[in-house]
Amino acid sequence: MSKRFPVLKEVLHLLFPMVLTMTLELSISVVDTIMLGHYSPLHLAAVGLASSLWLPIGCFLIGVTFGITPLVTRHLHGRQSKLVNLYMSQAVGASLMLGILASLLVFFLLPHFASMMATEEETRRVTVSYLSIFAPALPMLALMTSYKNLFEAAGRPGFPLFVASTGLTLNVIFNYVLIFGHFGFSPMGADGAAIASLLSLYLAVLMFVVYDRFLNKKPLFTRFIWRYGKKFGILLNVGAPAGFAFAFEVGLFSSMTWLISAFGDLALGGGQIVMSYTAFLFTPLMAMSAVAAIVVAKAMSKEGVAGVKKRVRVIVLLGLFYVTLCFVLTQSFYQQIPYLFSNNADVVAIAASILLISSWYQYPDMLQTVFTGTLRGFRDTRTSMMAFAISLFGLSMPLGFWLSHYSPWAEALTLRGFYIGLGAGLCLLSTILILRFRFLLRRYEGKQVDLTSGVV
């Protein structure tokens, strides 16, 4: 296969371990949802509400670190490996400074929003407690993602896979002990899930630092440069728009959670099940996006537009195959899938009705995800940011709100109208990104990216 299909081999070499890594990382959230769903429907709703509040902030931090991928890939393959220290110093500085600010927001500001949005007193109390415990994890979330992006951009996805596997195993153990109360611990419910996630993230960062500093035969991040730890303009120039775009996407789902809360806490629980399930299926698409950014940056530094076209074509075909499998699975078992997350019949019925709709918009979601990564490989992240804002908040939310509350079908659709609006917004978003990609291909036809561009 390596001789007949070299591009496919290159893509799969990165894709398989990255899919496994991201799946294992997201499985932490799925494990939380499953365990809390069997612990208490109100605790499940509380964590769903808390996640909808902190996730846009956390995803902005993760998105900022996406800037590492095209920068590191370009200079590693351009034999300018010493510049990796410069970019990683910026990533560490940005992760810590922005992460601390994010923690303060989650700890002091978001509990007020949670208190206003929860309809049950117990849900309100549990949500506020969860946010307070989880807040210190945000700097580590950004740092862990920075290290993961560094290793993957260098073509070494094996160790991030090991970290994700270990983190998931520890999280399952911590959840089992702390949520339900075993080995002498009292049952803590959602608070136990927050502590488990906090511990898992800190241990993941520790594993990356110890391995790269003391065990890695070819270390990637060899020296922290203090000057760039305080000045991270290059990283933010690429990463901040990507962070806003990612935050916009997740913010839309969070906004939907807030709007769904008007239909009651059981609807919140159903929405959390759908979010966990669809996010789990979405994980390979996120890996495809990351691979697209890496191979496009690499191809532009070596082959130009012709190499980019071949690689993007392979990734899109893989995405279509995967999404079709997901569609058939969801449509066939939409009534049974929610029982994996909860045994409450009302919550399951709500989730099942939404899954029928969500399975359809996975096709445009795949396209927008892959082409977002492709544009990131060109270091064009501002287009994605603007396209996300226009499509998701200019179309998805207004259309969804109208369908659920004011349309002639509002009584029959109820909260399902929001998911129909989401599908329409994703179709518009994918169209914009594909058109931008075609424009960039014409701009760079016959050219290669200057390896020294973007260097301080």
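No experiment lies behind these values; they were computed from the predicted model shown.

The rules behind each value
- One numbering rule holds for all chains: residues counted from 1, following each sequence as written.
- Predicted model: local features are reported for residues with pLDDT of at least 70 only, side-chain atom pairs are reported and counted for 80 or more only, and whole-chain, interface and lining totals are derived from all residues.
- With hydrogens and water excluded, all non-hydrogen atoms of the structure serve as input to the side-chain values.
- Among the buried residues, those of types Ala, Val, Leu, Ile, Met, Phe, Trp, Tyr and Cys that are joined through side-chain atoms within 4.5 Å form a nonpolar core.
- Here the term buried applies to any residue with accessible area under 20% of the maximum for its type, exposed to any over 50%, and partly exposed to those in between, with areas from a 1.4 Å probe on protein chains only.
- Starting at the N terminus, helices and strands are each numbered in turn, a helix being any DSSP run of H or I of at least four residues and a strand any DSSP run of E of at least two.
- The contact rule is simple, with two residues in contact once any of their heavy atoms fall within 4.5 Å.
- Take a side-chain nitrogen of Lys or Arg and a carboxyl oxygen of Asp or Glu: if they are within 4 Å of each other, that pair is a salt bridge.
- Structural elements are reduced to axes, namely lines fitted to C-alpha atoms, with helices fitted over the stretch in contact, and the angle between N-to-C directions of any two is expressed from 0 to 180 degrees.
- The hand of a helix crossing depends on one turn: near helix anticlockwise from the far one by less than a right angle means left-handed, and clockwise means right-handed.
- Under the scheme applied, nonpolar residues are Ala, Val, Leu, Ile, Met, Phe, Trp, Tyr, Cys and Pro; charged residues are Asp, Glu, Lys and Arg; polar residues are all the others, including Gly.
- Only protein atoms enter the 1 Å grid, on which a cavity is a set of points fitting a 1.4 Å probe that cannot get out and a pocket is an open set with protein on both sides within 12 Å along at least 5 of 7 lines, lining residues being those with an atom within 4 Å of a point.
- Grid points are joined across faces, edges and corners, and a volume is the space filled by probe spheres set on the points.
- Values of pLDDT, the confidence the predictor places in each residue, fall between 0 and 100.
- Classification of ring pairs uses Phe, Tyr and Trp, with its six-membered ring standing for Trp, and accepts pairs whose centres are within 6.5 Å; under 30 degrees between planes counts as stacked, over 60 as edge-to-face, and the remaining range as tilted.

Soluble, globular proteins show a tendency: their nonpolar side chains are buried together. If you look at the biggest cluster of nonpolar residues, it comprises 130 residues, and the most contacted ones within it are Trp54, Tyr130, Val308 and Tyr419. Tallying contributions element by element places helix H11 (residues 265–302) first for this core, with 18 residues. Other than its neighbours up to four places away in sequence, Tyr130 contacts Val47, Ala50, Trp54, Ala190, Asp191, Ala193 and Ala194.

A complete count under the given rule lists three salt bridges for this structure. Notably, a salt bridge pairs Lys148 with Glu152, separated by 3.7 Å at the nearest N-O pair. With Lys148 and Glu152 both in helix H6 (residues 138–153) and four residues apart, the pair spans about one turn of that helix. Accessibility expressed as a relative area gives 4% for Lys148, which makes it buried.

The next subject is the packing of helix H14 (residues 362–377) against helix H17 (residues 416–444). In a pair of packed helices, the angle between the axes and the distance between the axes together describe the arrangement. Two elements in contact, H14 and H17, have axes separated by 8 Å at closest approach and are oriented at 35°. The handedness of the crossing between H14 and H17 comes out as left-handed. Packed against H14, whose contacting residues are Pro364, Asp365, Leu367, Gln368, Phe371, Thr372, Thr374 and Leu375, the element H17 presents Leu426, Cys427, Leu429, Ser430, Leu433, Ile434, Arg436, Phe437 and Leu440 at the interface. Counted by class, the contact of H14 with H17 contains eleven nonpolar, four polar and two charged residues.

Okay, the layout of surface pockets next. The calculated volume of the second largest pocket comes to roughly 210 Å³. Leu12, Leu15, Phe16, Val19, Pro284, Met288, Leu318, Phe321, Tyr322 and Leu325 together form the lining of the second largest pocket. Broken down by secondary-structure element, the contributors of at least two residues to the lining of the second largest pocket are helix H1 (6–39), H11 and helix H12 (305–333). A breakdown of the residues in the lining of the second largest pocket according to their chemical character gives ten nonpolar, no polar and no charged.

To continue, consider the confidence of the model for the chain. A residue-level look at the chain finds 89% of positions with pLDDT of 70 or above and a mean pLDDT of 81. Here residues 451–456 is a poorly scored stretch, pLDDT under 50, and it has 19 contacts once near neighbours within four places are set aside; other chains count.

Another aspect to go through is the packing of aromatic side chains. In this structure the tally under the stated criterion is 19 aromatic pairs. Ring geometry for Phe327 against Tyr363: centres 6.2 Å apart, planes inclined by 55°, an arrangement best described as tilted. Remark: Tyr363 occurs in helix H14 and Phe327 occurs in helix H12; sequence separation between them is 36 residues. Take Phe327: its relative accessible area is 16%, and that puts it in the buried class. By relative accessible area, Tyr363 is classed as partly exposed at 26%. Each ring, one from Phe401 and one from Tyr406, has its centre 5.9 Å from the other, and the planes form 50°; the classification is tilted.

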